[in-house]
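Tertiary structure, described
The primary structure of each chain is shown beneath.
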2 protein chains.
Amino acid sequence: MPYFISGVTADHQNLIARTPAQFKSMNDIDVKTRHRVMAIDPAGHTVTVRDLQTGHEYLEGYTRLLISTGAEAFVPPIEGTELEGVFTLRRLTDSLRIKRYLADARPRRAVIVGAGPIGMEMCESFATLGLEVTVMDLAGQVMPYMSPDMAERVQARIEEEGVSCLLEQSVTAIAGDGGAVRGVVTSNGEIKADLVLLAIGVRPVSGIAADAGLELGARGAIRVDEQMRTTGEDIFAAGDCATTTHTITGRQVWLPLGSTSRKQGRACADNMFGGETRFAGVQGTSVVKCFDLTVGRTGLGEAEATEAGFSPAVISIEAESLHQYYPGRGTMNLKLIADGGSGRLLGAEVVGQMSSVADKRLDVLAVAIDAGMTADHLQYLDLAYAPPYSTSVDIPVIAGNIMTGKIRGMECGCGPHGLD
Amino acid sequence: MPYFISGVTADHQNLIARTPAQFKSMNDIDVKTRHRVMAIDPAGHTVTVRDLQTGHEYLEGYTRLLISTGAEAFVPPIEGTELEGVFTLRRLTDSLRIKRYLADARPRRAVIVGAGPIGMEMCESFATLGLEVTVMDLAGQVMPYMSPDMAERVQARIEEEGVSCLLEQSVTAIAGDGGAVRGVVTSNGEIKADLVLLAIGVRPVSGIAADAGLELGARGAIRVDEQMRTTGEDIFAAGDCATTTHTITGRQVWLPLGSTSRKQGRACADNMFGGETRFAGVQGTSVVKCFDLTVGRTGLGEAEATEAGFSPAVISIEAESLHQYYPGRGTMNLKLIADGGSGRLLGAEVVGQMSSVADKRLDVLAVAIDAGMTADHLQYLDLAYAPPYSTSVDIPVIAGNIMTGKIRGMECGCGPHGLD
């Protein structure tokens with residue numbers, strides 16, 4: 001949606017993965033839109049459905065039920081969130097509303113509340129459209145799930161693009177004039193705004209599950225096991241409404257992401273039809289584009305690793321994606337976290353130019369982490385080398401070299417620029 | 001060097017990783033150029049050295065010796081290879097000679113003998129310079145180490161660029177006029193050429209090792225163990241002159257590549273100074289750019305998998321790297337090979353547009369193969385998703401889905417375009 005708002009994606013129809021008509025013609029699946037499930041009766045294996053167009057309520061029986069209610073944008077309980085020009089960005093209709101407002105009201109100053117991934121994407125989106133952009137966060141850094149030094153690189157880049165960052169800011173109200181937004185009120189005063197985007201996060205839509213007596217788990221999401229079964233008989237849940245397991249810590253977590261939803265849905269469908277598919281969980285991989293920067297992470301950060309009982313060893317490197325003699329290379333910063341005792345890889349963070357293909361180098365590390373590889377093993381990965389694609393020793397391998405040196409307590413190591 | 005020849009890389013100095021002077025100033029290492037080691041005396045721990053400028057010969061003692069003699073281009077024993085305008089491409093001086101010949105002789109027709117990776121890179125290089133290019137090979141396909149259907153995609157692409165492919169051609173001689181090349185003689189007649197590049201392959205430089213009584217191994221390379229030790233006491237070998245182990249088959253192989261040389265050199269150096277580093281080997285990962293196509297492979301091909309005792313299951317998919325709504329996506333073809341019994345991943349081949357980032361998706365699969373993952377596991381990799389980087393289910397995961405369906409004998413699967 002940020003790309004639809006900025007015009008990179010021209011038509012919002014392209015954002016609709018499949019229409020009810022396509023479900024019907026391709027798979028003979030009936031999709032009832034404008035119908036709301038009001039209640040679930042686990043004992044009776046029925047749901048109460050209201051047809052929103054007619055108001056008619058009726059019971060519908062099920063053999064097995066999937067709850068895939070997703071998540072919704074969090075709106076803080078402060079004054080002014082209903083003012084014209086105040087938005088969240090979660091549903092396709094939100095982006096249509098924002099686009100219409102941009103065209104009709106021609107706002108000049110946008111304030112984005114929340115410097116997480118949606119906030120970062122929307123900084124780029126609004127700046128591309130020529131708006132004066134301010135992003136604010138309660139935290140002392142942008143991208144609160146990145147480590148502070150990596151977040152500083154992102155902040156420096158968005159400030160270069162003219163975005164103002166106001167950190168450690170608590171929003172106490174949205175101020176308006178005649179029903180339209182005028183500014184964002186913080187403990188430090190009022191910031192003028194013609195458009196306010198609340199990008200503070202999302203919450204699982206799990207009320208209907210709780211009402212039916214199903215157990216909730218991490219962050220209030222619907223608790224499911226590895227087969228996506230809830231605590232209710234024949235009731236499954238998948239997607240942004242459901243919990244999952246962190247594969248490194250083994251803990252129950254709620255990490256709603258589209259890539260995870262798709263995998264959960266697939267495993268869930270198999271199990272609902274009698275399969276025995278297990279979805280082991282996630283390791284918290286994510287990536288976001290912010291102007292020409294790629295910002296991503298996978299696995300545990302340093303603090304999380306310590307908290308989970310590991311003794312993290314951490315290295316940070318800056319490396320070029322290609323040798324100097326080949327054009328089009330990019331610079332990327334990589335932070336790698338391993339257990340200092342066993343050498344097991346635990347996590348990675350990247351901030352790099354788009355041209356550095358930091359996203360896919362993060363993927364390489366994500367697979368190595370998933371496999372339980374050690375830093376020593378990382379040194380010998382047989383990755384694809386030719387000058388248009390990488391340096392002869394690619395960045396994950398260099399990171400393995402340096403981490404191994406660090407863990408072994410060696411005084412010198414072979415860095416991206418050769419032997420120190 | 002193909003990029004230096006075509007002008008993508010402007011200065012050949014940039015192709016020199018480090019000069020003798022840099023070795024001295026950075027690491028206090030003496031590099032003696034224009035000195036040839038004539039013989040090794042393993043019992044006496046000495047080498048006989050000839051200073052090529054003075055002709056003086058002397059003995060030099062060693063505690064431990066590294067043989068890193070590399071490989072050299074293979075020149076077939078046919079008439080005419082010494083003619084002006086006939087080249088190999090292995091050393092930096094080869095590329096300087098080719099560049100000088102291009103400038104001075106202004107050749108119009110280039111014939112490349114050998115349709116392997118160097119041949120493919122040079123098709124692009126010569127075509128970029130405006131030459132009429134013909135590539136020929138003894139095999140019935142280009143890129144003989146790719147499977148035939150994948151090779152056909154490469155052939156179609158280079159033919160689109162105006163390159164003529166002559167396959168199943170045996171070169172019997174190079175024909176010349178007045179000392180300069182005139183054409184390439186095959187069993188089917190003479191092909192006119194003003195420039196001939198012999199890109200038939202390389203051979204390990206192992207004669208000096210054999211003369212010293214060291215054991216040779218696969219393809220005549222110097223046999224080494226996992227610690228890069230030859231069969232001679234205190235003598236190590238690393239790089240293109242040395243054997244290695246295929247990590248999937250466990251067999252001794254010779255697969256000379258720059259990325260492998262670097263890893264061998266690092267492990268070897270550690271062991272020469274008392275370390276206990278093991279280099280487990282390679283899985284045959286490689287990639288080459290051919291015009292705007294990325295062509296790569298890792299692990300075993302179908303025939304190799306069968307030969308190694310597996311029962312390979314093979315799937316081929318064509319997929320887009322990004323969702324339709326985001327610009328800049330590319331198409332890639334992926335062939336995935338797994339053991340039909342255990343589901344263990346064995347190999348992958350890719351042919352994709354540069355924009356599809358097929359090289360890094362190959363790397364993701366290379367790590368999964370290295371880790372001994374199954375196709376089932378591949379389905380649940382937690383890869384980094386955002387619209388500028390991938391589809392919400394990325395191509396390796398889709399391949400895991402389809403391969404799992406194939407192995408389980410399911411009738412339907414979820415392909416790149418949704419549920420079939």
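In this text, all values refer to a predicted model and were calculated from it rather than measured experimentally.

Turning our attention to the pairing of strand 2 (residues 46-51) of chain B. All names here are of chain B. Sheet topology places strand 1 (residues 35-41) next to strand 2; 6 bridges connect them, and they run antiparallel. Within strand 2, the position partnered with Arg36 by the bridge is Arg50. Between the end of strand 1 and the start of strand 2, which pair antiparallel, lie 4 residues, with His45 showing a positive phi angle near 55°. Pairing geometry for strand 2 and strand 3 (residues 57-61), over 5 bridges, is antiparallel. The residue of strand 3 that forms the bridge with Thr48 is Leu59. In this structure, the hairpin formed by strand 2 and strand 3 is closed by a connection of 5 residues, where Gly55 is found at a positive phi of approximately 80°.

Turning our eyes to something else, we now look at helix 4 (residues 117-128) of chain B. All names here are of chain B. Relative to the 16 Å expected for 12 residues at 1.5 Å per residue, helix 4 spans 17 Å between its end C-alpha atoms, a close match to the ideal helical length. Listing the buried residues of helix 4 in full gives Gly119, Met120, Glu121, Met122, Cys123, Glu124, Ser125 and Phe126. Backbone geometry just after helix 4 places Gly130 at a positive phi near 90°.

Turning to its location among the elements, Thr244 of chain B is positioned in strand 16 (residues 244-245). Among the residues examined, Thr244 of chain B registers a relative accessible area of 8% and is labelled buried.

What follows is about the sheet that holds strand 2 (residues 46-51) of chain A. Strand pairing in a sheet takes place through backbone hydrogen bonds and is either antiparallel or parallel in direction. All names here are of chain A. A sheet is described by the order of its strands in space; here 3 strands give the open sequence 1-2-3, paired in antiparallel fashion. At either margin of the open sheet sits one strand with a lone partner, and together these are strand 1 (35-41) and strand 3 (57-61). In this sheet, adjacent strand axes meet at a mean angle of 30° when their direction is disregarded.

Okay, the environment of Val113 of chain B next. All names here are of chain B. The topology assignment puts Val113 in strand 7 (residues 109-113). It is 8.9 Å that separates the C-alpha atoms of Val113 and Val184, two residues lying 71 residues apart in sequence. Not counting chain neighbours up to four residues away, the residues in contact with Val113 comprise Met136, Val171, Val196, Leu197, Leu198, Ala199 and Ile200.

Attention shifts here to the relation of the copies chain A and chain B. Relative to chain B, chain A is turned by 180° and slid 0.0 Å along the rotation axis, the superposed coordinates differing by an RMSD of 0.0 Å. Here the transformation between the copies is reduced to the relation of a two-fold axis. Taking C-alpha positions as the reference, the residue of chain A nearest the rotation axis is Val364 of chain A, at 2.5 Å. Interface overlap between copies is the fraction of interface residues in one copy that are interface residues in the other; for chain A against chain B it reaches 100%, indicating a shared surface.

Residues and elements named next belong to chain B. Overall, antiparallel pairing links the 3 strands, which are arranged 10-11-12 in an open sheet. Every other strand in the sheet has two partners, leaving strand 10 (171-177) and strand 12 (189-192) as the edge strands with one partner each. Averaged over all pairs of adjacent strands, the angle between strand axes in this sheet comes to 35°, irrespective of strand direction. Looking at chain direction, strand 10 and strand 11 (residues 180-186) are connected through 6 bridges and run antiparallel. Along strand 11, the bridge assignment pairs Ile174 with Val184.

On average, chain A scores 96 in pLDDT, and the residues at 70 or more come to 98%. Predicted as a complex, the structure gets a pTM of 0.96 and an ipTM equal to 0.96.

Of all hydrophobic cores here, the largest spans 80 residues; its most connected members are Leu334, Leu336 and Leu345 of chain A together with Leu334, Leu336 and Leu345 of chain B. Setting aside anything within four residues of it in sequence, one finds Leu336 of chain B in contact with Ala313, Val314, Ile315, Leu345, Gly347, Ala348, Leu365, Leu378, Ala399 and Met403 of chain B. By size, the runner-up hydrophobic cluster in this structure holds 48 residues, among which are Ile78, Phe87, Cys165 and Ile174 of chain A.

Within this structure, the stated rule accounts for 47 salt bridges over all chains. In this structure, the salt-bridge partner of Arg157 of chain A is Glu160 of chain A, at a minimum N-O distance of 3.0 Å. In this pair, Arg157 of chain A and Glu160 of chain A both sit in helix 5 (residues 148-160), 3 residues apart, roughly one turn of the helix. According to the relative accessible area criterion, Arg157 of chain A is buried, its value standing at 16%. Residue classification places Glu160 of chain A among the exposed positions, given a relative accessible area of 63%. Note that Glu318 of chain B and Arg153 of chain B form a salt bridge whose closest N and O atoms lie 4.0 Å from each other. Taken together, the residues Glu318 of chain B in strand 20 (residues 312-320) and Arg153 of chain B in helix 5 (residues 148-160) connect sequence positions 165 residues apart. Judged by its relative accessible area of 44%, Glu318 of chain B falls in the partly exposed class. Beyond isolated ion pairs, a larger network of salt bridges with shared partners links Arg157, Glu160, Glu161 and Asp292 of chain A.

Residues and elements named next belong to chain A. The end-to-end C-alpha distance of helix 5 is 18 Å, a good match for the 18 Å that 13 residues give at a rise of 1.5 Å each. Listing the buried residues of helix 5 in full gives Met150, Ala151, Val154, Gln155, Arg157 and Ile158. For helix 5, the arc enclosing every buried residue in end-on projection is 160°, short of the 170-degree limit, so these residues lie on one face. Among the exposed residues of helix 5, those pointing more than 90 degrees away from its buried face are Glu152 and Glu160.

What follows deals with the interface of chain A and chain B. On the chain B side, the residues contacting the 66 residues of chain A number 66 residues. Three residues, Tyr380, Asp382 and Tyr389 of chain A, lead the burial of chain A against chain B; their summed loss comes to 14% of the area buried on that side. Summed over the shared surface of chain A and chain B, the result is 22 residue pairs in polar contact (both at pLDDT 80 or more). Counting residues per element, the side of chain A that touches chain B draws most heavily on helix 9 (residues 358-370) of chain A, at 10 residues. Classifying every residue of the side of chain A that touches chain B by side-chain character gives 34 nonpolar, 17 polar and 15 charged.

Moving on, we get to the packing of aromatic side chains. Inspection of the entire model under this criterion finds 6 aromatic pairs over all chains. Where Phe279 of chain A meets Tyr380 of chain B, the ring centres are 5.6 Å apart and the plane angle is 65°; that geometry is what we call edge-to-face. Remark: Tyr380 of chain B occurs in the loop between helix 10 (375-378) and helix 11 (395-408) and Phe279 of chain A occurs in the loop between helix 7 (258-272) and strand 18 (286-290); the pair is interchain, linking two chains. Residue class for Phe279 of chain A comes out buried when judged on its relative accessible area of 3%. Tyr380 of chain B sits in the buried class, given a relative accessible area of 10%. Here the guanidinium or amino end of Arg18 of chain A rests over the ring plane of Phe23 of chain A, the centre of that ring lying 5.3 Å away. Sitting over the face of the ring of Phe74 of chain A, Arg203 of chain A holds its NZ or CZ atom 4.0 Å from the ring centroid.

About the thresholds
Residues numbered from 1 in each chain as written. Chains lettered and ligands numbered in written order. Predicted model: local features only at pLDDT ≥ 70, side-chain atom pairs only at ≥ 80, totals over all residues. Heavy atoms only, no water. Pairing = 2+ DSSP bridges. Helix = DSSP H or I, 4+ residues; strand = E, 2+ residues; numbered from the N terminus. Expected span 1.5 Å × (residues − 1). Buried < 20%, exposed > 50% of the residue type's maximum accessible area, 1.4 Å probe, protein only. Axes fitted to C-alpha atoms, helices over the stretch in contact; angles between N-to-C directions. Contact = heavy atoms within 4.5 Å. Least-squares fit on C-alpha atoms with pLDDT ≥ 70 in both. pLDDT = per-residue confidence, 0-100. Core = buried A, V, L, I, M, F, W, Y, C linked by side-chain atoms within 4.5 Å. Salt bridge = Lys/Arg side-chain N within 4 Å of Asp/Glu carboxyl O. Arc of directions from axis to C-beta. Buried area = accessible area lost by both parts, 1.4 Å probe. Polar contact = N/O pair within 3.5 Å; in protein donor to acceptor, adjacent residues only side chain to side chain. Nonpolar A, V, L, I, M, F, W, Y, C, P; charged D, E, K, R; others polar. Phe/Tyr/Trp six-rings, centres within 6.5 Å; stacked < 30°, edge-to-face > 60°. Lys NZ or Arg CZ within 6 Å of the ring centre and 35° of its normal.

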